[in-house]
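# Notes for the structure review
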Amino acid sequence: RGLRGGTENVASIVGFGVACALARKEGEARAARARTLRDRLWAGLQRELPGVGWNGDPAHTLGNTLNVRFAGVEGEVLVQALDLEGVAVSAGAACHSGAIEPSGVLLAMGLTPQEARGSLRFSTGAGLSEADIDRVITLLRTLVPRVQAGEGA
């Protein structure tokens, strides 16, 4: 009948139970912290980089995710430059990583191909601090104008 005898993976079952208990106990606080860091990043980008745009509806997005666009920038160039600084980000949309064409998701949201190519996706959460967010803002304050001017990163 398609069933097979075997020993259950008790360690994984117990680990999953502990993860569920932690999520129940700490989930709201962790989510609030991620939103606070995301909002700090957005406020800093708006302050330091005129013309930056939030992709999507801020009221209907994950609390730990910020997808923004920078005019006149290839997102992949910023991804590489930030990677050299130890900052992990992605270009485009989550379901589009590694593709050459602009994200179909961002295009469907009404972005032009150029805007979609100039988009970066940031995630916040455990292990990040306000200082980390401030460092990213400072890096982008320098990198974005250099890339817009054609100087590379």
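Description of the structure in this document.

What counts and how
Residues numbered from 1 in each chain as written. Predicted model: local features only at pLDDT ≥ 70, side-chain atom pairs only at ≥ 80, totals over all residues. Heavy atoms only, no water. Pairing = 2+ DSSP bridges. Helix = DSSP H or I, 4+ residues; strand = E, 2+ residues; numbered from the N terminus. Contact = heavy atoms within 4.5 Å. Axes fitted to C-alpha atoms, helices over the stretch in contact; angles between N-to-C directions. Salt bridge = Lys/Arg side-chain N within 4 Å of Asp/Glu carboxyl O. Buried < 20%, exposed > 50% of the residue type's maximum accessible area, 1.4 Å probe, protein only. Core = buried A, V, L, I, M, F, W, Y, C linked by side-chain atoms within 4.5 Å. Polar contact = N/O pair within 3.5 Å; in protein donor to acceptor, adjacent residues only side chain to side chain. Patch = residues over 30% accessible without salt bridge, like charges linked within 9 Å, V, L, I, M, F, W, Y side chains within 5 Å. Areas by Shrake-Rupley, 256 points an atom, 1.4 Å probe, with all protein chains shown as cover.

So, about the sheet that holds strand β2 (residues 65-69). Reading across the sheet, the 4 strands line up as β1-β2-β4-β3 and stay open at both edges, with antiparallel pairing between neighbours. Of all the strands in the sheet, just β1 (53-54) and β3 (90-91) have a single pairing partner and so form its edges. Strand direction decides the pairing type here: β2 and strand β4 (residues 119-123), joined by 5 bridges, are antiparallel. When the sheet's bridge partners are listed, Arg-69 is paired in β4 with Ser-119. Strand contacts of helix α2 (residues 75-84): β3 and β4, with the helix running at about 40° to β4, the strand carrying the most contacts.

Here we come to the pattern of salt bridges. What the rule picks out here adds up to 8 salt bridges. The partner of Glu-48 in a salt bridge is Arg-47, with the nearest N and O atoms 3.3 Å apart. On the basis of relative accessible area, Glu-48 is assigned to the partly exposed category, the value being 25%. For Arg-47, a relative accessible area of 58% translates into the label exposed. Each member of the salt-bridge network shares a partner with another, and the members are Arg-47, Glu-48 and Arg-141.

Leu-45, Phe-70, Leu-78, Leu-120, Phe-122 and Leu-140 are the most contacted members of the largest nonpolar core, which has 28 residues in total. At 8 residues, helix α5 (residues 130-148) tops the list of elements feeding residues into this core. Not counting chain neighbours up to four residues away, the residues in contact with Leu-140 comprise Leu-45, Leu-49, Phe-70, Leu-78, Leu-82, Phe-122 and Pro-145.

Turning our attention to the pairing of β4. Burial analysis of β4 places 4 of its 5 residues in the buried class, which makes it a mostly covered element. Examined bridge by bridge, β3 and β4 share 2 bridges and lie antiparallel to one another. Following the sheet pairing, Ser-90 is matched in β4 by Arg-121.

Taken together, the buried positions of α2 are Gly-75, Leu-78, Val-79, Ala-81 and Leu-82. Check the buried side of α2 and you find it contacts β3, α4 (113-117), β4 and α5. One or two steps after α2, the chain reaches Gly-86, where phi turns positive at roughly 85°.

A few words on the side chain of Asn-67. Relative to the helices and strands, Asn-67 is located in strand β2. A relative accessible area of 11% places Asn-67 in the buried class. Engagement of the side chain of Asn-67 in a polar contact is seen with the side chain of Asn-55, the distance being 2.7 Å.

Our focus in this paragraph is a nonpolar patch on the surface. On the surface, a nonpolar cluster with roughly 330 Å² of combined accessible area is contributed by Val-10, Val-14, Val-18 and Leu-22. Within the fold, Leu-22 resides in helix α1 (residues 10-48). Classification of Leu-22 by relative accessible area gives partly exposed; the value is 40%.

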